[in-house]
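# Structural characterization, general
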Amino acid sequence: NEARIALIEGDWSHAESKILKAAKNSDSPLHCYLVAAKAAQELGALDRRDSYLHQALRVAPNAKVAVLLTQAELQFEQGQYEYCLATLQELQKLAPNNRQLLKLCSNTFAATGAWDDMVNLLPLLNKYAILQTEETTVLEIKTYTYVMRNELKKSGKQGLIACWDDLPRHVRNQVEIVENYAQLLLSQKAYNEVEQL
């Protein structure tokens, strides 16, 4: 109880020590170690954080998905994107359609500009309704604008047009995507195509 109060008040040092004491006699030491990991991170003690995550896995080896999700969340919050991506890859093998995993992937890909990875993720975000519609739309605009720009660089005007034809129908109906495509066509002086569009 004291540990909970300390956590709510943001007294991380107190919370960490209390929760570790509680872990020794607890029916759910897994929960205690995951909370201790969060407290350690708030204190900037990343080695201790990682140690608690290992201990969590040791006391509850069947809760690997929960431990790795916590680890990925903490790594993301800390801006440790490379480590976070490695943890997410491990999670994808264990629970590929886990909602929390998919959300974390979308956050991490967006933060790191991994738009190629986002292309494969977007259908899953839509299928499982992971994000609010507006959030998904923003991601689609950023992702497919990147894809079109990339295709234009690689394959020129014809590549861009082929890329547009391959975009999902609902994406081609988004005003901002149409505007971005039109601007890319204009940059290639493709006036006829813009007029048709």
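Residues numbered from 1 in each chain as written. Predicted model: local features only at pLDDT ≥ 70, side-chain atom pairs only at ≥ 80, totals over all residues. Heavy atoms only, no water.

### Re the overall build of the chain
The helix and strand tally for the chain stands at 12 helices and 0 strands. The secondary structure elements of the chain, listed N-terminal to C-terminal, are α-α-α-α-α-α-α-α-α-α-α-α. Relative to the globule expectation of 16 Å for 197 residues, the C-alpha radius of gyration of the chain, 22 Å, shows a markedly less compact shape. If one aligns the C-alpha atoms of the chain with their principal axes, the spans along those axes are about 75 × 30 × 25 Å. A buried classification covers 39% of the 197 residues belonging to the chain. (Helix = DSSP H or I, 4+ residues; strand = E, 2+ residues; numbered from the N terminus. Rg over C-alpha atoms; globule rule 2.2 N^0.38 Å. Buried < 20%, exposed > 50% of the residue type's maximum accessible area, 1.4 Å probe, protein only.)

### Re the packing of aromatic side chains
Here the structure, examined in full by the defined rule, presents 2 aromatic pairs. Centroid distance Phe76 to Tyr81: 5.6 Å. Interplanar angle 55 degrees. Geometry classified as tilted. A relative accessible area of 22% places Phe76 in the partly exposed class. Residue Tyr81 is classed as partly exposed on the basis of its relative accessible area, which comes to 29%. (Phe/Tyr/Trp six-rings, centres within 6.5 Å; stacked < 30°, edge-to-face > 60°.)

### Here's the deal with the environment of Ile141
For Ile141, the position within the fold is in helix α9 (residues 133–166). Its relative accessible area of 13% is what places Ile141 among the buried residues. When the C-alpha positions of Ile141 and Glu77 are compared, they lie 25 Å apart, and in sequence the two are 64 residues distant. Filtering out sequence-adjacent residues up to four positions away, Ile141 remains in contact with Gln174, Glu176, Ile177 and Asn180. (Contact = heavy atoms within 4.5 Å.)

### Examining the environment of Lys21
Its location among the elements puts Lys21 in helix α2 (residues 12–25). Residues Lys21 and Ala3 lie 18 residues apart in sequence; the distance between their C-alpha atoms is 9.6 Å.

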